[in-house]
Structure formats: structure tokens, C-alpha cells
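In case you want the letters, here they are:
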Amino acid sequence: MDNTTVIYHGSKQIVEFPEIRLARYHKDFYFGFYCTKLLSQAERLAVRYTGEGTVTEYLYTPDENLKVLKFDEMTEGWLDFIVSCRGGNAHDYDIVEGPMANDRIFNYIQNFTDGKISRAAFWELAKFNKPTHQISFHTVRALTTLRFGKGYGVRDEG
């Protein structure tokens, strides 16, 4: 049985050869190469700064020998993991998958981390957001599960 799926990466340029880059800030699941199974989300991410960008499509084939953490939905464990990663704490997973803390959710997470809102208030605010998805690749070995498909330009039509 072939369990290969198509996933997308939205950015300024086509990324034929993904790599893990260390940035000046920590992302939801720490430093890694981020993709999504939601084409509309990749398109939004691609055009968010300039109104134009690219979507790169990959064929992703899971490798059962890799250490993978998967969150099917926003849970207490998901929230604690993101707070830890955004706080600069590394992990030893090859791949992490789950909902994305978009800008609004990130603000709620920051408010929770800073003690400005309670955990209960976070969940009350977070429940009204549309579904998101991210899969992040944190090791070179994890990147070998990706095969470049194609890339193409997108524009913000709104």
C-alpha cells in the first residue's frame, strides 16, 4: 500500500531542495522545514508579505524508522509543546505534525505564556479558529521523505 501524500510549502520562491534553517525566532515546533496538507493555507502563507509568492508541491512518504510526534487537534499536550518550542527548547523528533498556531492563536499563546490569560481562557478564545495544519521536518533524515513535485507562482486576488 502506497501511503504517499501531497503536501505544500508556501514561500517567496520555489524550494526544490528543502533545508532546515535556523531563524531569529522559534516557530511552533522549533526550527525546521514547514509544510501543510492544505493548499489554501500554503497559498495564504506564500502571498502574506508582498501579495505574490510561490507554492512548492512535494510527495511525502512517511518513514516508520523516524521519530514522529503527531497532534490530531489542539490539545493540552499540543499547547504545552508549542509553548516549550517557542520558548527556545529543542526536541528530538524528526517530524512533528499538527495544527498551526496562526497569528491570532499565537497571540493567545503568548498571552497564556506571559500569564495574561488562563489556560481556560486560551481554549475559549482558540475554539473559534478555522482548521490549520503543519508538518515540520527537523532533521536531514526527515527531509529524505520529501520528493519535489512542482512549484508555481500565486497572487493574492483579494
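Residues numbered from 1 in each chain as written. Predicted model: local features only at pLDDT ≥ 70, side-chain atom pairs only at ≥ 80, totals over all residues. Heavy atoms only, no water.

S.K.: Describe the sheet that holds strand S1 (residues 5–11), and please don't skip the residues or the numbers.
M.R.: Pairing is antiparallel in the open sheet, where three strands are placed in the order S1-S3-S7. Edge positions in the sheet fall to S1 and strand S7 (146–155), since each of these pairs with one other strand and no more. Pairs of neighbouring strands in the sheet enclose a mean axial angle of 25°, with direction left out of account. Judged from the seven bridges that link them, S1 and strand S3 (residues 52–60) form a sheet pairing that is antiparallel. The residue of S3 that forms the bridge with Ser 11 is Thr 54. Where helix H1 (residues 39–47) meets the sheet, its contacts fall on S1, S3 and S7, and the angle it forms with S3 comes to roughly 140°. (Pairing = 2+ DSSP bridges. Helix = DSSP H or I, 4+ residues; strand = E, 2+ residues; numbered from the N terminus. Axes fitted to C-alpha atoms, helices over the stretch in contact; angles between N-to-C directions. Contact = heavy atoms within 4.5 Å.)

S.K.: Account for the pattern of salt bridges, naming residues and giving values.
M.R.: If you walk through the whole model with that rule in mind, you get seven salt bridges. One salt bridge connects Glu 52 with Arg 155, and the closest N-O pair in it is separated by 3.1 Å. Of this pair, Glu 52 sits in strand S3 while Arg 155 is found in strand S7, placing the two residues 103 residues apart along the sequence. Since its relative accessible area comes to 40%, Glu 52 is described here as partly exposed. By relative accessible area, Arg 155 is classed as exposed at 57%. Across the pair Asp 80 and Arg 119 runs a salt bridge, and its minimum N-O distance is 2.8 Å. One end of the pair, Asp 80, is in helix H2 (residues 76–86); the other, Arg 119, is in helix H4 (residues 119–126), and 39 residues separate them in sequence. When salt bridges with common partners are traced through the structure, they connect Glu 76, Asp 80 and Arg 119 into a single cluster. (Salt bridge = Lys/Arg side-chain N within 4 Å of Asp/Glu carboxyl O. Buried < 20%, exposed > 50% of the residue type's maximum accessible area, 1.4 Å probe, protein only.)

S.K.: Tell me about the sheet that holds strand S4 (residues 68–70), and name the residues and values.
M.R.: If you trace the four strands from one edge of the open sheet to the other, you get S2-S6-S5-S4, paired in mixed fashion. In the strand order of this sheet, the two ends are held by strand S2 (33–35) and S4, each with one partner. For this sheet, the mean inter-axis angle between neighbouring strands, taken without regard to orientation, is 15°. Judged from the three bridges that link them, S2 and strand S6 (residues 134–137) form a sheet pairing that is antiparallel. Bridging from a neighbouring strand, Tyr 34 pairs with Ser 136 of S6.

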